[in-house]
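Descriptive analysis of the structure
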Amino acid sequence: MDTMSKEKNSPDRDALHKVLAQAYKGKNFAVLGIKLPPIRELLPAIPLRDGSVDGLFLLEDGTYAVVEYASGCHKTDMVKYTEHLAEIMERYDKEDGRFNLHLIIIYTGDVEKAEPVFDFGYLTLHPEQVFLSRMDGNAELESIRQKIHFGIVLTDDELMKLMVLPLSVPGTEGKQRMLERIVDLAEQITDEEQRIFTLSGVIVASDKFINREYLDQIRRRISMTQLGQLYEKEKIEYANQKVRENDLKRAKSLLNEGIDIVKIMKTYGFTEEELLHLQDENVTV
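Residues numbered from 1 in each chain as written. Predicted model: local features only at pLDDT ≥ 70, side-chain atom pairs only at ≥ 80, totals over all residues. Heavy atoms only, no water.

**A short note on the overall build of the protein chain**
Spelled out, the test is: By definition, any uninterrupted DSSP run of H or I lasting at least four residues is a helix, any uninterrupted run of E lasting at least two residues is a strand, and each is numbered from the N terminus. Any residue under 20% of the maximum accessible area for its type is buried, any over 50% is exposed, and the rest in between are partly exposed; the area is computed with a 1.4 Å probe on protein chains only. Here a residue-residue contact requires only that any non-hydrogen atoms of the pair lie within 4.5 Å.
Each helix and strand in the protein chain was counted, giving 10 helices and seven strands. Buried positions account for 46% of the 285 residues belonging to the protein chain. Expressed as a percentage of contacts within the protein chain between residues at least 6 apart in sequence, the contacts between residues at least 24 apart total 62%.

Okay, here's the thing in structure tokens:
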């Protein structure tokens, strides 16, 4: 499998997350055969020791759902998931006895079947499983194509299907071809919100299974859409944030050296209140 490495908290990832966070609200996983409450919120990615989960959701009943896309079902992969779940529990478990976490593994078209339960002796992992190999990707795509052709607004279920359809076929090349067809189709969706959700969703769902060069081609193709504009906006905000963080570090260093606060204000544009707050020994940058 040819994978694409992702920079943690990159502006591109942040932009996609903001788009999806709004669009996911109220949707559910029923179209994939998973019976769970609707999604209340797509949660921010948690930096983990070996990467990040593909999706972390807060559901309407207060439980959490972790979504992982996988092209294999080795026991070693399951061990990685248990480590991810433990780190998520550390972040969100309030120790009130009500924490509940669902693990959803969405297998690509490369996987026909997998063990329903993974027993490690010290714990047992019982994930919710989705096998996209059982989905007729071509038929689903044609059905959605007809609705778009006639200007019919897609349902939430159809949007969720579009997001995972590239993964329904086996092999890297097959996934790339299907993704390209879906991007072509998504660009014909007249509803702007649905179009942007589809483009964002398929990129996030597929980015572990297609190579970097192809992903860059797809990004260039959508660079003129509102999603592309959002990328640029997020990159500017990201760069400005980094500049401010560096200025804060330098200002704090100068304060520690006893440099006059008025001089620092003039140099970096901070207010007196900001610098006095920064001077607090409990404030770290």
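So that's the structure; there's more coming.
**A closer look at the sheet that holds strand S1 (residues 39–42)**
To keep it simple, the criterion reads: Two strands pair if DSSP finds at least two bridges between them. Only the stretch in contact is used when fitting a helix axis, every axis being a line fitted to C-alpha atoms; angles between N-to-C directions are given from 0 to 180 degrees.
Across the sheet, five strands lie side by side as S1-S2-S3-S4-S7; this open sheet has mixed pairing. In this open sheet, the two strands that pair with only one neighbour each are S1 and strand S7 (128–131). Mean inter-strand twist for the sheet, computed between neighbouring axes without regard to direction, equals 25°. Across three bridges, the pairing between S1 and strand S2 (residues 55–59) is antiparallel. Note on S2: the bridge partner recorded for Ile39 is Leu59. The strands touched by helix H2 (residues 75–92) within the sheet are S2, strand S3 (64–70) and strand S4 (101–107), with S4 carrying the most contacts at an inclination of about 145°.

**Overview of the side chain of Lys175**
If you trace the backbone, Lys175 turns up in helix H5 (residues 172–186). Sequence-distant contacts of Lys175, that is, excluding residues within four places in its chain, are made with Thr108, Asp110, Pro166, Leu167, Val169, Pro170 and Phe209.

**Quick word on the pairing of S2**
The element S2 is largely enclosed, with a buried count of five among its five residues. Two elements, S2 and S3, share four bridges in a ladder whose sense is antiparallel. Bridging from a neighbouring strand, Leu58 pairs with Tyr64 of S3. Between the end of S2 and the start of S3, which pair antiparallel, lie four residues, with Gly62 showing a positive phi angle near 90°.

**Concerning the nonpolar core**
Put simply, the rule reads: Only buried residues count toward a nonpolar core, which is a set of Ala, Val, Leu, Ile, Met, Phe, Trp, Tyr and Cys residues joined through side-chain atoms within 4.5 Å.
Core analysis: the biggest nonpolar cluster contains 48 residues, and Tyr24, Phe29, Phe57, Tyr69, Ile104 and Leu162 have the highest contact counts within it. Discounting chain neighbours no more than four positions away, the residues touching Phe29 are Ile34, Ile39, Phe57, Leu59, Val67, Ile104 and Met160. Core analysis: the next-biggest nonpolar cluster, separate from the first, contains 24 residues, Val66, Met78, Tyr81 and Phe118 among them.

**As for the packing of helix H3 (residues 137–149) against H5**
As a reminder of what qualifies: Working definition: roughly parallel below 35 degrees, roughly antiparallel above 145 degrees, roughly perpendicular at 65 to 115 degrees, and oblique for all remaining angles. Three classes are used: nonpolar for Ala, Val, Leu, Ile, Met, Phe, Trp, Tyr, Cys and Pro, charged for Asp, Glu, Lys and Arg, and polar for all others, with Gly counted as polar.
Between H3 and H5, the least distance of the axes is 11 Å, while the angle of their chain directions is 10°. Taken together, the axes of H3 and H5 are roughly parallel relative to one another. Residue-level contacts link Gly137, Asn138, Leu141, Ile144, Arg145 and Ile148 of H3 to Met178, Arg181, Ile182 and Leu185 of H5. Partitioning the contact of H3 with H5 into residue classes produces six nonpolar, two polar and two charged.

**Considerations on the pattern of salt bridges**
Applicable threshold: By definition, a salt bridge exists where a carboxyl oxygen of Asp or Glu is found within 4 Å of a side-chain nitrogen of Lys or Arg.
Tallying each qualifying case throughout the model produces 12 salt bridges. The partner of Lys161 in a salt bridge is Glu140, with the nearest N and O atoms 2.9 Å apart. Of the two residues, Lys161 sits in helix H4 (residues 156–164) while Glu140 sits in helix H3, which places them 21 residues apart along the sequence. The class for Lys161 is buried, based on a relative accessible area of 18%. The class of Glu140 is partly exposed, set by a relative accessible area of 22%.

Take it as geometry only, folks, not as evidence of what the structure does.
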